[in-house]
Amino acid sequence: EGQDYVGFDTITQQMERKFLKRGFNLNVILVGESGMGKSTLVNSIFTTHLVDSQGRRTAQEVIRKTTEISPVTQTLEENGVRVRLTIIDTPGFGDQCNNEGCWVPVIKYIKDQHAAYLARELKPFRDRIINDTRVHACLYFLNPGSRGLRPLDVEVLKRLTEVTNVIPVIAKSDSMTSDERTLFKRRVKEEMAFHRITTYPYANADDDDDEDRMLNNSIRDLIPFAVVGSEETIDVDGTQVRGRRHGWGVINIFDETHCDFVHLRNFMLRTHLSDLIEVTAQRHYEQFRTSQLRQIKELRDQQAAGAAAAGVPPGAVATQPPVAPLPHQPVAQV
Amino acid sequence: MKSTSGNAGGAQKKKMNGYVGFSNFPNQVHRRSVKRGFNFTLMVVGESGIGKSTLINTLFDTKIFPDREEMPPSAEPIKGVDVTSMSADIQENGVKLRLTVVDTPGFGDAINNEEAWQPILENIESRFDAYLAQENRVNRSKISDNRIDAVIYFIKPTGHCLRVIDIEFMKRLHTKVNLIPIIAKADTLTASELEQFKAKILADINYHGIQIFKPVSDEFDDPETVAENREILSKIPFAVVGSEKYVDRADGTKVRGRSYPWGIIEVENEEHNDFIKLRQMLLRSHMEELKDTTDMVLYENYRTQKLLSMGHVQDNGVFREFNPLVQMEEEKRTHDAKMQKMEAEMTAVFQQKVHEKEAKLKQSEEELYARHKEMKSVLEKQKAELDDKKKRVEATARPITPMEQQATKGKKKNIFSGF
């Protein structure tokens, strides 16, 4: 340390310390039909049993008639870093004969979280730290074996990609051979391009450096991630391996030649975790906020016009508190 | 000759002393049916990409379904369920089989699948209707049977209980066809997951009262067959994997299977999946039973329902012989009787009317007579009055001067006008 050393490079350590104290929120929503492997995959990614499968287990259990939203929050800690992880499962999605509108509760939930955040931001006295319940990532589960996207997938993806970061995955990909997998991925990408569905990561032309761009491109090549989930560890030649044992072979989910699990996990948690949170705030939340505020302004203009026609002085209208009823009402204020 | 009396419908059981030869009868039946050839109609139902075409091609070791061509992505929604059929004439050891496979593309693929079973149900029933129509024809020597002998329903390997669409479909079809549910893409599930999944499926099927096709043994089966049937039954619903491709095993042999980075699943390995059992049940041991059940049970039930709903009444009387002469005479007799009856009725009516008219006429005659008398009396009265007046006028009469004559003329007029 010479006399020319200023020392502002320690800001990263200062930030780290603050982060360690405060911890952060991560909210992930799982969207897919019953039996696609949602719960198992999440439990595999975080190597703990976080969520129970909501599938129907006995014949007597009543079949759900609508999509339910069931968030489960837990605090995980790793090397002193705390994360408040909320996994939002959507049991009932896509399980009916008639699945028209089964995506509505999902979209509503995502928008509600944006609205709740906005409401708290608009308050005159704001909390120092707003508890962030906004959905940072959506894992969308595709059906292996279909030719590509099904009609339901197209409809839902179009709407989901407008409100949150969508990461398409194929969870039970151990039913596809490598060729079938390649064909399926190509097909899915073609159809997403055709229907103008953009998934995360987004192509930001300006602020990415070469390294980031290359990483993002390689991620985009892999989409949709063909993964296999497992909560069991099995013995393979003396080593303990997380995987699945079949009569004809053993799948090791951490083996890159077997599936893309490692890539998905690294992508979500090791490289793009903060980006997911940032993009949610900067892109999706801002879009929502802009459209909401514009609507409020229009509403207020209409009211002012109505009041002016009725002869009320415009000043009376302008003194209304800024937190007017939001066009999109949140369900619960967390 | 020894004789032991039995009570089988009144016929006595008799034991023979030597070889007669009627035990050759089944062989004769066999030879005749081989000459005639068989047909078998199979329907496959399941969502797109679940492996229907591959399984059929694997089962019959023939490319019955061609490879699906890749279509570019389009914005057009799926137009509902299609029902298409492909036929193939295949031969094995001199036995000719006309195999028809009915495919149902589009089932379960749309967002709204509420009526997905409707076209399928209609197709099955229309085949029954076609057969019924042929049975009722005058010339029945050539009946073509394209009724569905079995429906293979593909269940997604979710590991959970059955989905709504599975239950709804099976509930609507199980009384019309032999239902064979199978677990598709069985390579997704481990052995223990499969066991639990099969148990869940069977529990769901029992809970909803769905009847699936099961091999049953009766008292006439030899112990080998009984054991076979029990083995097949223990694996239902079959978890199958299909493949048209051959892959190389580690030891260099070629097998039909699927090659993964972690191993090869062999289609014809009973430890890997239940394909062998499915093929055995469907083709090798129970094909005849499937056809029989379709003909004797499912079709008959359909026919009964249909005829009852059309208003036919069950007539259990013995059919009387049709003799045209007798019938004609009977008809004539009934006809004559009818005629006579009508005649008698008509005469009676006629008489009655005549009486009525007579009475009426009489009555009016009397009335007229009465009126006539009355009028006559009135007239005579008037006449008497007039005579009276005339006499009075003549009594007071003097010779009439021409002026008085004129005046009396006027007066006379007045007198008369006084009446």
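Each value, and the rule that gives it
Residues numbered from 1 in each chain as written. Chains lettered and ligands numbered in written order. Predicted model: local features only at pLDDT ≥ 70, side-chain atom pairs only at ≥ 80, totals over all residues. Heavy atoms only, no water. Contact = heavy atoms within 4.5 Å. Buried area = accessible area lost by both parts, 1.4 Å probe. Salt bridge = Lys/Arg side-chain N within 4 Å of Asp/Glu carboxyl O. pLDDT = per-residue confidence, 0-100. Helix = DSSP H or I, 4+ residues; strand = E, 2+ residues; numbered from the N terminus. Pairing = 2+ DSSP bridges.

1. Examining the interface of chain B and chain A
Chain B puts 48 residues into the contact, and the matching count from chain A is 50 residues. When chain B packs against chain A, the two sides together hide about 4,100 Å² of surface, and 55% of this comes from carbon and sulfur. The three residues of chain B that bury the most area against chain A are B:Pro73, B:Ile111 and B:Trp262, which together make up 22% of that side's buried surface. Run the count over chain B and chain A and you get four salt bridges.

2. Section: the confidence of the model for chain B
Predicted coordinates in regions of low pLDDT should not be interpreted in detail. Residue and element names in this part refer to chain B. Of all residues in chain B, 90% attain a pLDDT of 70 or more, and the chain-wide mean is 87. Strand 6 (residues 150–155) holds the highest mean pLDDT among the elements of chain B, 96, whereas strand 1 (residues 3–8) holds the lowest, 48. Confidence drops under a pLDDT of 50 for residues 1–6, and excluding neighbours within four residues, the segment shows 11 contacts in the predicted structure. Prediction confidence for the complex, expressed as pTM and ipTM, is 0.78 and 0.85 respectively.

3. Some remarks on the pairing of strand 8 (residues 239–246) of chain A
Residue and element names in this part refer to chain A. Here strand 7 (residues 233–236) runs beside strand 8; their pairing, made up of four bridges, is antiparallel. Looking at strand 8, one finds that Asp 235 is bridged to Gln 240. The turn joining strand 7 and strand 8, which pair antiparallel and follow one another in sequence, is formed by two residues; a positive phi near 50 degrees is taken by Asp 237. Joining the antiparallel neighbours strand 8 and strand 9 (residues 249–252) is a turn of two residues.

4. Notes on unusual backbone geometry
Residue and element names in this part refer to chain A. A cis amide bond links Tyr 200 with the next residue in sequence, Pro 201, at an omega value of 0 degrees. With a phi angle near 45 degrees, Thr 47 is a residue other than glycine that sits in the positive phi range. Mapped onto the secondary structure, Thr 47 falls in the loop between helix 2 (38–45) and strand 2 (70–78). One non-glycine residue, Arg 196, lies in positive phi territory at about 55 degrees. Mapped onto the fold, Arg 196 is located in the loop between helix 5 (178–194) and helix 6 (210–222).

5. Examining the side chain of B:Arg279
By the secondary structure assignment, B:Arg279 is in helix 7 (residues 275–285). Excluding residues within four positions of it along the chain, B:Arg279 makes contact with B:Leu59, B:Arg256, B:Glu268 and B:Arg284.

6. Some points on the sheet that holds strand 7 (residues 179–183) of chain B
Residues and elements named next belong to chain B. If you walk across this open sheet you meet the six strands as 4-5-3-6-7-8, and the pairing is mixed. Strand pairing shows two members of the sheet lacking a second neighbour, strand 4 (84–92) and strand 8 (238–239), which therefore form its edges. Bridge count for strand 3 (residues 38–45) against strand 5 (residues 95–103) is seven bridges, and the pairing is parallel. By the bridge assignment for strand 5, Asn 39 is matched with Arg 98.

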